[in-house]
Structure formats: structure tokens, C-alpha cells
Amino acid sequence: MTLQQLEYVVALDTYRHFVTAAEKCFVTQPTITIQVKKLEEEIGFLIFDKSKSPFKPTDLGELFIRKSKVILGEVSELKNLVSFELDNLEGEFRVGVIPTISSYLIPLISGSFAEKYPNTILKIEEMESDQIIEALQKKEIDIGLLVTPLNESFIREIKLYNEPFIFYGQNNYFKDKKTISVDEIEALDNIWLLQKGHCFRNQVLNICGNNNTKNIQFQSGSIEALKKMVENYGGFTLVPEMALNTNDNGQIIHFSDPKPIREVSLVTHHSFSKDVLLDALREEIIEKTPENFVKNKRFIKINWR
């Protein structure tokens, strides 16, 4: 017994004509005839008395049709409920964001998102990448915003943009240099790094190698702090492009093609069903990030795991 068969039965009761009922159900007349016959064979009695014209339901058929209408009505209500919930942005949602993204991106989108969706509450927390992965697995958060790919079977990744890495050194670290290559970076030492546990640290090491030979070992979770160390004590670091601002006093050099980039994505557990929220966040983020992030064609994606 299927819902489709119940719909055929209700249509036949409504129109009392096989061809008309088939047309209303958008199927052929033989299809509706065969399916109703199969249903009658399964339940063990005739639903319609076809010996009369027009045909009409049998006594048991009347009871069956009445119950079928109730079932189909409840199914329709259930579909409407599910559709409303899937399309509804109202509610409270937990979001984990890695620090090297949250400091620069969240202030750009929070005001406009709150204005567009006043009944949507985002509880945003800075978390390291491994913490976000664990929290998603335990369903302690709904959404993560971090660097991908993660290669986790339980996680769904929605790519947002590719953000280039930028060389940031003390003034005149390289004289008259407009661009720099990854090969040139590998030969340098005196690099300032984020403390262990940050995926951005791993990405920088994947680009530069382990060349940290400074006699001052500085542990920080802040890219802004690393920039100040570069400005005051020399050396260099790599920063994501969105971390640059007009107050920077260091030497900024872009990479030549192929540029090293980090892939930034929204991530959720596969069971998370609020695609409407993911779409709203994605549109807001894409609108606020530089156009070249999305359009980069030639690059080197730097993994952190």
C-alpha cells in the first residue's frame, strides 16, 4: 500500500471516472486502473463497485476512502510543517569560527546579517579547527567557519572563497620587490608564527618550512601581534589578505602566480538540514569578501592537516 495508490482511490471517488481521475493525477488511465487493482488485491476487498454506472464505492470502500483522506491530509500537513521548518530562519544557532577568520570577517557581516534576519540569533565562538571538528561531531555547534578540506566523512563542506597569503616583513626586507615566489620564501629564516594548535601556523609552515631560528620564541594566537613583532624586531610572517589594513607599517608583498591560498568554507554535520541558513550566510560572506578571492583561477591550495 502506497500513498500514491491512496491518492488514486481518492481521485476516483471524487470524479467517478477513470480517465478524468487519471488526468487529474497526471498519469495514464491504465496506470490508475492497474494500481487500484493491485491495492484491492492487497487489502482483500473491492473498493469500488464497477457493475454500476457511474461506479461507486462499496461499503468497505467508503470506510477505506474516508480513512485514506484523513491519512493524506495528515501527510500534507506534515509536508507543510517540514517545509516551513526547513525554510524558517528563526531560532538560535551555534557557530564556531577559527580566530584567523573571525577577527576580520565577522565584523564585516554581523551588522548586515542581523538587520536582514532579526529573528535569527547566531551564537558565535572562536574555536581552533580541531575543536570545531570535535564540536560538530558531538553536535555541540551547528556550523563551523574554517579552512578546508577537512576530509571528514561526517562533515559537509560548503566552499566560500580562496584567500591569498601575503608576505609581511619589516620595511625594506626586500628592496624594490613587487612580487615574491614560494621558492624565495623557503630560503628565508626569522619567521614569526602563531602558537601551536592554529591551522594557520601549519599552513605557513607548509609554505615556508620550519625556518624559525630567532632567539626570541614568541607564542601568540594573534596575527596582529605577529605583525607588530615584525615591525619592531624584524623578520617576517605570512598573513591572510583580509588581515591587512591601512595602519600596517610593514612591507607587504603579494605572491606571484601560482599564489598560495587558503580555502575557507562553511562546514556542518551531514544531519544539519537548515540549508536556508547556510545559503543566507554564504551570500552575506561572499558579498563582503574581495572579488578576487572568488575569481582566483590559478593558485596553490595550502592544506593544514
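The notes below deal with the structure included here. A quick note: this is a predicted structure, and the numbers were derived from the prediction, not measured.

1. Re the pattern of salt bridges
Part 1 of the reasoning: On inspection of all chains with the given rule, the structure shows 17 salt bridges.
Part 2 of the reasoning: Residue R16 pairs with D13 through a salt bridge whose shortest N-O separation is 3.0 Å.
Part 3 of the reasoning: Of the residues examined, R16 reaches a relative accessible area of 30% and is grouped as partly exposed.
Part 4 of the reasoning: Ionic pairing is found between K69 and D13, a salt bridge with its closest N-O pair at 3.5 Å. Note that K69 is positioned in helix α4 (residues 59–87) and D13 in helix α1 (residues 3–15), a separation of 56 residues in sequence.
Part 5 of the reasoning: Its relative accessible area of 12% is what places D13 among the buried residues.
Part 6 of the reasoning: Several salt bridges share partner residues, and in doing so they unite K116, E284, E287 and K288 into one network.

2. A word on the nonpolar core
Part 1 of the reasoning: Counting residues in hydrophobic clusters, the biggest one holds 47 residues, and the most contacted among them are L145 and Y161.
Part 2 of the reasoning: Among the secondary structure elements, those contributing two or more residues to this core are β3 (91–97), α5 (99–116), α6 (129–137), β5 (143–148), β6 (155–169), α9 (223–233), β10 (259–269) and α10 (275–288).
Part 3 of the reasoning: Ignoring any residue separated from it by four or fewer positions in sequence, one finds L145 in contact with G96, V97, I98, I101, L105, I106, I132, L160, V264, S265, L266 and I285.
Part 4 of the reasoning: Counting residues in hydrophobic clusters, the runner-up holds 18 residues, among them L6, Y8, V9 and V10.

3. Observations regarding α10
Part 1 of the reasoning: In this model, α10 (14 residues) spans 20 Å end to end at C-alpha, consistent with the 20 Å of a helix rising 1.5 Å per residue.
Part 2 of the reasoning: Of all the positions in α10, only L277, L278, A280, L281, E284 and I285 are classed as buried. Along the axis of α10, the buried positions cluster into a sector of 165°, meaning they face one direction only. The outward face of α10, more than 90 degrees from its buried face, is lined by the exposed residues E283 and E287.
Part 3 of the reasoning: Turning to α10, the residues buried within the fold contact β3, α5, β4 (120–126), β5, β6 and β10.

4. Quick look at empty space enclosed by the protein
Part 1 of the reasoning: A full pass over the atoms with the stated rule returns two cavities of 30 Å³ or more.
Part 2 of the reasoning: Here the largest cavity defines a volume of roughly 80 Å³.
Part 3 of the reasoning: Considering the residues around the largest cavity, the lining is formed by V95, V97, I106, I109, L122, I124, I143, L145, L266, L281 and I285.
Part 4 of the reasoning: When contributions to the lining of the largest cavity are tallied by element, the ones reaching two or more residues are β3, α5, β4, β5 and α10.
Part 5 of the reasoning: Considering only residue class, the lining of the largest cavity consists of eleven nonpolar, no polar and no charged.

5. So, the side chain of N162
Part 1 of the reasoning: Assignment of secondary structure puts N162 in strand β6.
Part 2 of the reasoning: There is a polar contact of 3.4 Å between the side chain of N162 and the side chain of K159.

6. Regarding the pairing of β5
Part 1 of the reasoning: Taking burial as the measure, the six residues of β5 include six buried ones, the bulk of the element.
Part 2 of the reasoning: By the bridge criterion, three bridges tie β3 to β5 in an arrangement that is parallel. Bridge pairing in β5 places V97 opposite L145.
Part 3 of the reasoning: Two elements, β5 and β10, share six bridges in a ladder whose sense is antiparallel. Its bridge partner being in β10, G144 is matched across the sheet by V267.

7. Things to note about the packing of aromatic side chains
Part 1 of the reasoning: Here the structure, examined in full by the defined rule, presents five aromatic pairs.
Part 2 of the reasoning: Their ring planes at 50° and their centres at 5.2 Å tell us that F18 and F55 sit as a pair that is tilted. You can see F18 sitting in helix α2 (residues 18–24) and its partner F55 sitting in the loop between β1 (48–49) and β2 (56–57), a full 37 residues away along the chain. Of the two residues examined, F18 and F55, each falls in the buried class.
Part 3 of the reasoning: Between F167 and F236 the ring centres are 5.3 Å apart and the planes differ by 20°, which places this aromatic pair in the stacked class. One end of the pair, F167, is in strand β6; the other, F236, is in strand β8 (residues 236–240), and 69 residues separate them in sequence. For the pair formed by F167 and F236, the shared burial category is buried.
Part 4 of the reasoning: The ring of Y168 carries the charged tip of K227 above its face, separated from the ring centre by 5.8 Å.

Thresholds applied
Residues numbered from 1 in each chain as written. Predicted model: local features only at pLDDT ≥ 70, side-chain atom pairs only at ≥ 80, totals over all residues. Heavy atoms only, no water. Salt bridge = Lys/Arg side-chain N within 4 Å of Asp/Glu carboxyl O. Buried < 20%, exposed > 50% of the residue type's maximum accessible area, 1.4 Å probe, protein only. Helix = DSSP H or I, 4+ residues; strand = E, 2+ residues; numbered from the N terminus. Core = buried A, V, L, I, M, F, W, Y, C linked by side-chain atoms within 4.5 Å. Contact = heavy atoms within 4.5 Å. Expected span 1.5 Å × (residues − 1). Arc of directions from axis to C-beta. 1 Å grid on protein atoms, 1.4 Å probe; cavity = no way out; pocket = protein on both sides within 12 Å on 5 of 7 lines; lining within 4 Å. Points joined across faces, edges and corners; volume = space filled by probe spheres on them. Nonpolar A, V, L, I, M, F, W, Y, C, P; charged D, E, K, R; others polar. Polar contact = N/O pair within 3.5 Å; in protein donor to acceptor, adjacent residues only side chain to side chain. Pairing = 2+ DSSP bridges. Phe/Tyr/Trp six-rings, centres within 6.5 Å; stacked < 30°, edge-to-face > 60°. Lys NZ or Arg CZ within 6 Å of the ring centre and 35° of its normal.

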